[in-house]
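Residue-level structure breakdown
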Amino acid sequence: MALADIVAGLLIGGVLGVVNALVLQVGVRFSVQCGRNEQRVRATLAIVGSYAIRYALIAVAIYAILKKGNMTVAITTLGVLGVMTIVLALIQRRRDPAGGRG
């Protein structure tokens, strides 16, 4: 049972991590397109909204897992999300031609 729980946590965390990365990418692209001064509020709301959607998805997933009483899956899912957040941030940083500097 424990191995199945860990595998389930890995799969749920991986899928949730990819979905979260895509939601953030869409929010950032939309905010970049709103480059004019009049649309700064819209760009800021796009970023804040994408973060709100990401955290809501994580909260719903963890709540549903905990509601079933499966702590191993919840902890594994959160661990995978944490690792994916760091790895995807490092990958994105390498894609940036300026390297995030200057």
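Just so we're clear, the structure is a prediction, and the values are computed from it rather than from any experiment.

**With respect to the packing of helix H1 (residues 2–33) against helix H2 (residues 40–67)**
Between H1 and H2, whose axes approach to 8 Å, the crossing angle comes to 170°. Of the possible angle classes, the one that applies to H1 and H2 is roughly antiparallel. As H1 packs across H2, the resulting crossing turns out to be right-handed. Contact residues: Ile12, Leu16, Val19, Asn20, Val23, Leu24, Gly27, Val28, Phe30 and Ser31 in H1; Arg42, Ala43, Ala46, Ile47, Ser50, Tyr51, Ile53, Arg54, Leu57, Ile58, Ala61 and Ile65 in H2.

**Things to note about the nonpolar core**
Counting five residues, the largest nonpolar core consists of Leu16, Ile58, Ala61, Ile62 and Leu81. No other element matches H2, which puts three residues into this core.

**Observations regarding the environment of glycine 14**
Within the secondary structure, glycine 14 is located in helix H1. Of the residues examined, glycine 14 reaches a relative accessible area of 19% and is grouped as buried. Sequence separation between glycine 14 and valine 80 is 66 residues; the distance between their C-alpha atoms is 6.5 Å. When near neighbours in sequence (up to four residues on either side) are disregarded, glycine 14 contacts Val80 and Met84.

**Comments concerning the environment of valine 19**
Inspection of the secondary structure assignment puts valine 19 in helix H1. Exposure remark for valine 19: the relative accessible area of 34% places this residue in the partly exposed category. Separated by 38 residues in the primary sequence, valine 19 and leucine 57 place their C-alpha atoms 9.0 Å from one another.

**Some words on the environment of asparagine 70**
Of note, asparagine 70 is situated in the loop between H2 and helix H3 (71–95). For asparagine 70 and aspartate 5, which are 65 residues apart along the polypeptide, the C-alpha to C-alpha distance reads 7.9 Å. Apart from residues lying up to four places away in sequence, asparagine 70 is in contact with Asp5 and Ile65.

**Some thoughts on the confidence of the model for the protein chain**
Taken as a whole, the protein chain shows an average pLDDT of 84; of its residues, 87% reach a score of 70 or greater. Averaged pLDDT values over the elements of the protein chain bottom out at 85 in H3 and peak at 90 in H2.

Rules and cut-offs
Residues numbered from 1 in each chain as written. Predicted model: local features only at pLDDT ≥ 70, side-chain atom pairs only at ≥ 80, totals over all residues. Heavy atoms only, no water. Axes fitted to C-alpha atoms, helices over the stretch in contact; angles between N-to-C directions. Helix = DSSP H or I, 4+ residues; strand = E, 2+ residues; numbered from the N terminus. Parallel < 35°, antiparallel > 145°, perpendicular 65-115°, else oblique. Left-handed = near helix turned anticlockwise from the far one by under 90°. Contact = heavy atoms within 4.5 Å. Core = buried A, V, L, I, M, F, W, Y, C linked by side-chain atoms within 4.5 Å. Buried < 20%, exposed > 50% of the residue type's maximum accessible area, 1.4 Å probe, protein only. pLDDT = per-residue confidence, 0-100.

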